[in-house]
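Read off the chains here:
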Amino acid sequence: MSESPALVTCNVLVLGAGAAGLRAAIAAHDAAVDTMILGSRGRADAHTALAAGGINAALGTHDPDDWRQHFADTYVEGHALADPPAIELLCREAPRALEELAAWGCPFARTPDGRLDQRYFGAHRHRRTCYAGDYTGRAVLDTLLAQVTRRGVPIVEQTYVSSLLCDGGVCFGAYAFDVATGRRTAYLADAVVLATGGHTRLWRYSSSRRDENYGDGMALALAAGCELGDMEMVQFHPTGMTHPEEWAGALVTEAVRGEGGKLFNAAGERFMGRYDPDRMELSARDRVAAANYVEIAEGRGGPHGGVFLDVSHLDREQITEKLPRIQRQFLEAQMLDITAGHMEVTPTAHYAMGGVVVEPESHGTGVDGLYAAGEVTTGVHGANRLGGNSLTETVVFGRRAGEAAATRARTLGAAHRSGSALVEAGEHLEALVGPGDAFALPVLRHLRDLMWRGCGVVRSAASLREALGALDDVRLASARIDVQPSPGGWVDLARACAVRAALPCCEATLRGALAREESRGAHRRSDHPEEAPSPYNLVVAERGRGTLGIEARAPRRVPDELRPLLAEPPAEAAAGKLLE
Ligand code: FUM
C-alpha cells in the first residue's frame, strides 16, 4: 500500500469508542465543535462492555455516604499513591455523572421506591456501587452509544491508529488504517482525546480479550512526548476463570462476592479468615488477589490451578437476578450450574492503574492538543483501584477531556499541520509491512507468558531482570513479523502494531517494577515485602532514541480538611450487611 493517505479533518478527534471516548465525544459535540470517533473494533464492542459489577458514586441510597468518604476510601485503598485533586474531582462529580446516565435511560437497578440501588464492593465503607445486574459496563456503553448516535457523531469502526501526528510539541491528529481494507487515512484535528484503554492483555491471564488492551495508547503517548506514571501498578482481579483455554482469565465479577460469594481452598477452608478476618471476601482487591495467589502457590488449589468461589448457599432467584451474566458464562464455558457447584477462579490481570500522566482538571497530557481519559491515564487509583471506580472515571473524566478539547478547538487561532510528520507516520507504518518468518500472535503470546512469569502477582528483582532480558529477544523477533493482507484483511498489520506498542509498555512496566523496591498495593515484591515509609510515583519518559528514563516524584498532599477521614478505623466487617 503505497498510495497516499486519505485526508479527513475535524475539530476534535476521539481515539477509542469505549465509555471514556464516547463521553468525551458527547461533551465535545455539545460544545458545538465537529467531533469524530475512531474505534479499533465494532461500535458496540469496546472493552467497556465487559465491565460487570458496577459504577460508584456516593449517592447514599442506603448508607450515610458522601463524596468525602468516597475520597477517603479511594485514597487509602490506593496506598497513598493517587493524586488527591484528581480523586476529589472523581468523587465530587460522580453523583452528577450517574444521574446523567440514569436520565439518559441507563437501566440501573432501582430500590422499590425508585431510587438507584447500590451494592457493596470490596473495601468500600458504604454501599455506593450502582449496577445493572452484572452487565453494568454493557448498560453504560449502550446508553452512551445511543447519545452519540442521537447527536450524529460519526464512529469510524475497525480503524487502527498507528501514530499520533505531532510536530513541535503539538498534536494535530492521528494516522490510521482500516483493518478490513488496509486503506490509510490521516485524520487532522485541532485536538485529540486518547481513550484507548490499558495494557493488561499483556499478561497470560487477562480479563481483556484478544486484540484489545495491548497498551497501544500508552505507547502512542510516550512517542508523542508524554510521561507514563506508575506503570508497574497493575491490578490483578482476584477472580478470573481458570478454564477452558479460550476463557482463561475472563472476569468473574466482584459482584459475586458482593452478593455473598465465599472463597474456599481445595481443603474446604474459607481461607480469607487468615488474610483479612474483618472484611473476608470483601477485602481490598490487592489483598484478595494475593490471598488467592498464595493459596494456589502453596498447593491448596484445585485441579485447574485455582481456588473455589461458591454461591450455592444463595437463593437461585438472587443469583439469576443479580448475577445473570456469570451464571450464563459458566454454563456456556464449563456446563457448570453455579447455583449448585462452585466456580474455580484464579487472579487475572485486569486493570492498569498506571498510564499517561495528566493534569486533573482538563486531562491535558502536557503535549499541546492531546488529552487523555479513562484507563489509558494514571492518577485516581494509586496502587490499588477500588472496584466500580473505573466506570465512574470514564464518565467523569471523559466529559472533562472532551470539554477541554472542544475549548482548545474553539479558541485555536490557526490549525497546526506538518507535512513531514505525515510522511514520517506513513513510513513508520509501511516499515512493518512485508514478509517475515515470525507471526504476531505467537510473539504476543510469548510476551504475555513473559510478563506473567516475570511481573505477575508477586515479583522479584530476579524475575524482573529475567523478563527484561527476554524482552530483547522479542524485540528482535518483532522485526521479522510477517505482515501481508489476508482474506481477513489487515489484522496482521494491527497485530504487528500491537507488538511494537507492547514493547515500550512492557519495558516501562518492568523497569518501574524493578525500581520500586517495596511492596505497595498491587505491586508485591517477594524481595521487598514492606511498604516504603514515604510514597512516591515513578514516572517514565522517552529520553531520545527510544531510551526510557525513570524518575521518582513525591505525590501531592491530601488537603488538610480531608485528612481526618483517612485516619478512621477500617470499615466494619461486611458479614451481615450483605444479605439484608
Ligand atoms: O469485578 C468487577 O465487576 C469489576 C469491576 C471493576 O473492575 O470495577
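A few points on the structure. (Residues numbered from 1 in each chain as written. Predicted model: local features only at pLDDT ≥ 70, side-chain atom pairs only at ≥ 80, totals over all residues. Heavy atoms only, no water.)

## Regarding the overall build of the protein chain
- Scanning the protein chain from N- to C-terminus turns up 16 helices and 20 strands.
- Considered along the principal axes of its C-alpha atoms, the protein chain spans approximately 65 × 50 × 50 Å.
- Within the span of the protein chain, comprising 580 residues, buried residues form 63% of the whole.
- Expressed as a percentage of contacts within the protein chain between residues at least 6 apart in sequence, the contacts between residues at least 24 apart total 74%. (Helix = DSSP H or I, 4+ residues; strand = E, 2+ residues; numbered from the N terminus. Buried < 20%, exposed > 50% of the residue type's maximum accessible area, 1.4 Å probe, protein only. Contact = heavy atoms within 4.5 Å.)

## Side note on helix α14 (residues 461-478)
- The end-to-end C-alpha distance of α14, which contains 18 residues, comes to 25 Å, matching closely the 26 Å that a straight helix rising 1.5 Å per residue would cover.
- Inspection of α14 places A461, S463, L464, A467, L468, L471, V474, A477 and S478 among the buried residues, and these make up the whole buried set.
- In the core, the buried residues of α14 are packed alongside α13 (440-454), β17 (458-459), α15 (491-515) and β18 (524-525). (Expected span 1.5 Å × (residues − 1).)

## Some words on the environment of L101
- Within the secondary structure, L101 is located in helix α3 (residues 84-103).
- By relative accessible area, which is 1% here, L101 ends up buried.
- Measuring from C-alpha to C-alpha, the distance between L101 and R524 comes to 37 Å, with 423 residues separating the pair along the chain.
- The residues contacting L101, other than those within four sequence positions of it, are I55, C106, F108, V140, T143, L144 and V395.

## Observations concerning the packing of aromatic side chains
- Applying the stated criterion across every chain yields a total of six aromatic pairs.
- Feature note: the residues W203, Y205, F236 and W452 constitute an aromatic cluster, connected by ring pairs.
- The cationic tip of R119 hangs over the ring face of Y131; the distance from NZ or CZ to the ring centre is 3.9 Å.
- Sitting over the face of the ring of Y351, R385 holds its NZ or CZ atom 4.1 Å from the ring centroid. (Phe/Tyr/Trp six-rings, centres within 6.5 Å; stacked < 30°, edge-to-face > 60°. Lys NZ or Arg CZ within 6 Å of the ring centre and 35° of its normal.)

The analysis is restricted to geometry; functional conclusions fall outside its scope.
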